[in-house]
Amino acid sequence: MQLIFPDNFWWGSASSALQTEGDSLNGGKSATIWDHWYTQQPSRFHQQIGPAETSTFYQHWRQDISLLKQLNHNSFRTSISWSRLIPDGTGDVNQEAVVFYNQVIDELLAQGITPFITLFHFDMPMAMQEQGGWESRQVVAAFSRYARLCFELFGDRVLHWFTFNEPIVPVEGGYLYDFHYPNVVDFRRAATVAYHTVLAHASAVRAFRTSHSAGEIGIVLNLTPSYPRSRNPADLTAAHHADLLFNRSFLDPVLRGEFPADLVALLRQYDQLPLTLTEDKVLIADGIIDLLGVNYYQPRRVKCRDSAINPAAPFMPEWFFENYEMPGRKMNPYRGWEIYEPGIYDILTNLRLNYGNPRCFISENGMGVEDEQRFDQAGQVDDQYRIDFVAEHLKWVHRAICEGSQCLGYHMWTFIDNWSWCNGYKNRYGFVQLDITTQKRTVKKSGEWFAATAACNGFNHPENLA
Ligand code: BGP
C-alpha cells in the first residue's frame, strides 16, 4: 500500500542544544544545571560521561547540516541555549553565540531546510537555578526577556518557534522522581514549577505577539495516552487522573487557555495548589499557541491502586493510579519503553475531536538502541528495526491525517546519535551513527530509508491497516 503524505509535509528530525553542541563551557557559555550536577554527582551519568562534549555540533555544524540535506530534510528542530546566549541569564548578550546561531540558521536556510527553534530544552542556566529556577517568578521574567531577544535577533528568518520542549519532564525529573537536578521530591514545589513554566510559556507567546514577528509560535509536549487496564470504573478514574496530571496539565492551558477544572479541584483537595496572582488568568489565556509539537514514545497504561496509601509518604501522582504492565506488550528493552504505534493515532484523534483539531506535527518519535555497532554491515549500521518502527508509526499518522487530523509533519528523534542526559551515549537514536572517539559521522540504513521516504513524500507499506 502506497502511503503518500500531504503536500509540503515536514520531513525532518529534532535535537537540542545541550545534547549536540558540546563546548558546554566554551564560547562564552556559562554552566547549566547539567554541568553543575555532573561536577557534584558524576556517577549519576552513564559511564560518567557528562555534558561537556556531546556530539560537537558547535564545531561541526556545517558538516552536520550537509548531512541533514543528504537525509532530504526540509525542516529541522534544535534549540537555542539560554546560557550560551545570555551567560548570566539576565544580562548582556554573548556575541559569539549570536554569530554561531546566525551561522546555523543561515546555513539551514541556504540548504533549503526550515529551522524550527525551541527556546528551552531542559537546560536551565545554573545562574537562574541559583535564583530558584522555575520556582521563582523572577526567572519567569528573565525567560520572557530571553525569548524577546531571540525573536529580535533571529525572528527575521526563524518562522517556527517553540517555547518549551516537554515542560513536564523537568517537573517530573527535578521535583518528583529524582532524575534531573535539583533532585527534589515535593509535589507542591513540582506544581509551582509546572505553573510557572506555563506562565513563562505564556509570557513568551505574549512577547512574540507584541514583537509582531512573522511566523508562528507553539510548544512541544510529550503526550502519553493513558490507557486503563479495564473498563472498570476504578481503572477508568485512574486513567483520567494520570491524563490530567501528565497530559492535560500543559495541553489544556496551551490549547484552551486554562487549566482543567478537575485538575485544579484535585490539587485543592490535597492542598497542593501553587500560589497564583489574579492577573495570571489573562496571561495564561494569552498563551494559546499556533502550532503544537507532539512527542510520542510510549503509552501510559494504568490501573487503580491495589494497596492503600501511606498517609505519611510524600504526596505523589501515584496516589491516584498504579502503572500497569500489560501482558504481552511490545517493548524496547534498551530504554524500557513500550512500543505501541496506534498511540500516535489516538493522540492525533484526541486533538482533532476534543481540542478543535489544532495545527500540529509529530515533533519527536524514536527508538534508542544499545550497542548498535553489533548491527554493522560493511561499515554501516543496518538498523532495520528503526525503519520498521518509523514505518509503523507513519502508517498510523497517515490514517489520522486521512480522517482529518491537521498533522503537518513528522520529525524523528534524532538526526545524529547524541548525549541523552543521564543515559549518556547508552542508547543510540540517530539516523547518523556517531563514533564518539573520532567524531566520525556515518549514515545508517534508516537514514537512507528516511531520505528516500522524504524525497517521495511517502513510502510503500507492505500491509493494509487492520
Ligand atoms: C525526549 C527528549 C529528548 C530525548 C528523547 C529520548 O523526552 O525531548 O531530549 O532525549 O526524549 O529520550 P532519552 O534520551 O531519555 O532516551
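Residues numbered from 1 in each chain as written. Predicted model: local features only at pLDDT ≥ 70, side-chain atom pairs only at ≥ 80, totals over all residues. Heavy atoms only, no water.

- In the annotation of an unreviewed UniProt entry, the entry for the protein reads Aryl-phospho-beta-glucosidase, and the organism field reads Candidatus Pantoea varia.
- In the Sequence similarities (unreviewed entry) part of its UniProt record, the protein is described as follows: "Belongs to the glycosyl hydrolase 1 family." (UniProt positions renumbered as here; feature names shortened; annotations may be inferred.)

1. Describing the sheet that holds strand β2 (residues 10-14)
Sheet strands pair via backbone hydrogen bonds, and the direction of the pair is either parallel or antiparallel.
Phase 1: The strand order β2-β3-β4-β5-β6-β8-β13-β17 describes a closed barrel built from eight strands, whose pairing is parallel. Shown here is a sheet whose adjacent strand axes are inclined to one another by a mean of 25°, direction ignored.
Phase 2: Bridge count for β2 against strand β17 (residues 407-413) is five bridges, and the pairing is parallel. The residue bridging Trp11 from the neighbouring strand is Tyr410, located in β17. (Pairing = 2+ DSSP bridges. Helix = DSSP H or I, 4+ residues; strand = E, 2+ residues; numbered from the N terminus. Axes fitted to C-alpha atoms, helices over the stretch in contact; angles between N-to-C directions.)

2. Regarding helix α10 (residues 233-256)
Phase 1: When the terminal C-alpha atoms of α10 are compared, their 27 Å separation across 24 residues is substantially less than the 34 Å that a helix rising 1.5 Å per residue should span.
Phase 2: Maximal helix bending in α10 amounts to about 60°, located at Arg248.
Phase 3: Burial analysis of α10 places 17 of its 24 residues in the buried class, the great majority of the element.
Phase 4: For α10, the side-chain oxygen to backbone nitrogen distance between the N-cap and Ala234 is 2.8 Å, and the N-cap itself is Asn232.
Phase 5: Looking one or two places after α10, you find Gly257, whose phi comes out positive at around 80°. (Expected span 1.5 Å × (residues − 1). Bend = angle between axes of the 7 residues up to and from the residue. Buried < 20%, exposed > 50% of the residue type's maximum accessible area, 1.4 Å probe, protein only. Polar contact = N/O pair within 3.5 Å; in protein donor to acceptor, adjacent residues only side chain to side chain.)

3. Some points on the packing of aromatic side chains
By convention here, two paired aromatic rings are described through the distance between centres and the angle between planes.
Phase 1: All told, the structure shown has 50 aromatic pairs when counted by the stated rule.
Phase 2: When the ring of Trp37 is compared with that of Phe45, the centres are 5.2 Å apart and the planes differ by 65°; the resulting orientation is edge-to-face.
Phase 3: The class of Trp37 is buried, set by a relative accessible area of 1%.
Phase 4: Among the residues examined, Phe45 registers a relative accessible area of 1% and is labelled buried. (Phe/Tyr/Trp six-rings, centres within 6.5 Å; stacked < 30°, edge-to-face > 60°.)

4. Quick word on the packing of helix α14 (residues 384-402) against helix α15 (residues 445-456)
Phase 1: The N-to-C vectors of α14 and α15 enclose an angle of 35°; their axes lie 8 Å apart at closest approach. The interaxial crossing formed by α14 with α15 has right-handed handedness. Here Gln384, Arg386, Ile387, Val390, Ala391 and Leu394 of α14 come into contact with α15, specifically with Lys445, Ser446 and Trp449.
Phase 2: Taken together, the residues of the contact of α14 with α15 sort by class into five nonpolar, two polar and two charged. (Left-handed = near helix turned anticlockwise from the far one by under 90°. Contact = heavy atoms within 4.5 Å. Nonpolar A, V, L, I, M, F, W, Y, C, P; charged D, E, K, R; others polar.)

5. Remarks on the site of the ligand
Phase 1: Taken together, the residues surrounding the ligand are Gln19, His121, Asn165, Glu166, Tyr297, Arg335, Trp337, Glu364, Trp413, Ser420, Trp421 and Tyr429.
Phase 2: A distance of 2.8 Å separates an oxygen atom of the ligand from a polar side-chain atom of Gln19.
Phase 3: Here Glu166 contributes a side-chain N or O atom positioned 2.5 Å from an oxygen atom of the ligand.
Phase 4: Protein chains bury 92% of the 370 Å² of accessible surface belonging to the ligand in isolation. (Near = heavy atom within 4 Å. Areas by Shrake-Rupley, 256 points an atom, 1.4 Å probe, with all protein chains shown as cover.)

6. Some thoughts on the UniProt feature "active site" (unreviewed entry) in the protein
Phase 1: As annotated by UniProt and renumbered to match this structure, "active site" (unreviewed entry) occupies Glu364.
Phase 2: Position of Glu364 relative to the elements: it lies in strand β13 (residues 360-364).
Phase 3: For Glu364, a relative accessible area of 3% puts it in the buried group.
Phase 4: Not counting residues within four places of it along the chain, the set of residues in contact with Glu364 comprises Ala14, Arg77, His121, Asn165, Glu166, Val294, Asn295, Tyr296, Tyr297, His411 and Trp413.
Phase 5: Among the polar contacts made by the side chain of Glu364, one reaches the side chain of Arg77 at a distance of 2.9 Å.

7. With respect to the pattern of salt bridges
Phase 1: In total, this model carries 32 salt bridges according to the counting rule given.
Phase 2: Across the pair Arg399 and Glu403 runs a salt bridge, and its minimum N-O distance is 3.6 Å.
Phase 3: Of the residues examined, Arg399 reaches a relative accessible area of 24% and is grouped as partly exposed.
Phase 4: Its relative accessible area of 33% is what places Glu403 among the partly exposed residues. (Salt bridge = Lys/Arg side-chain N within 4 Å of Asp/Glu carboxyl O.)

8. Observations concerning the environment of Ala17
Phase 1: Along the chain, Ala17 turns up in helix α1 (residues 17-20).
Phase 2: Relative accessible area serves as the criterion here: at 1%, Ala17 is assigned to the buried category.
Phase 3: Residues Ala17 and Asn323, 306 residues apart in the sequence, show an inter-C-alpha distance of 32 Å.
Phase 4: Once residues within four sequence positions are removed from consideration, Ala17 is found in contact with Thr78, Ser79, Ile80, Ser81, Tyr101 and Asp123.

9. Quick word on the side chain of Thr78
Phase 1: With respect to the helices, strands and loops of the structure, Thr78 is situated in strand β3 (residues 75-79).
Phase 2: Here the side chain of Thr78 touches Ser15 through a polar contact of 3.3 Å, side chain to side chain.
Phase 3: The contact partners of Thr78, leaving out residues within four places of it in the chain, are Ser15, Ser16, Ala17, Phe116, Ile117 and Thr118.

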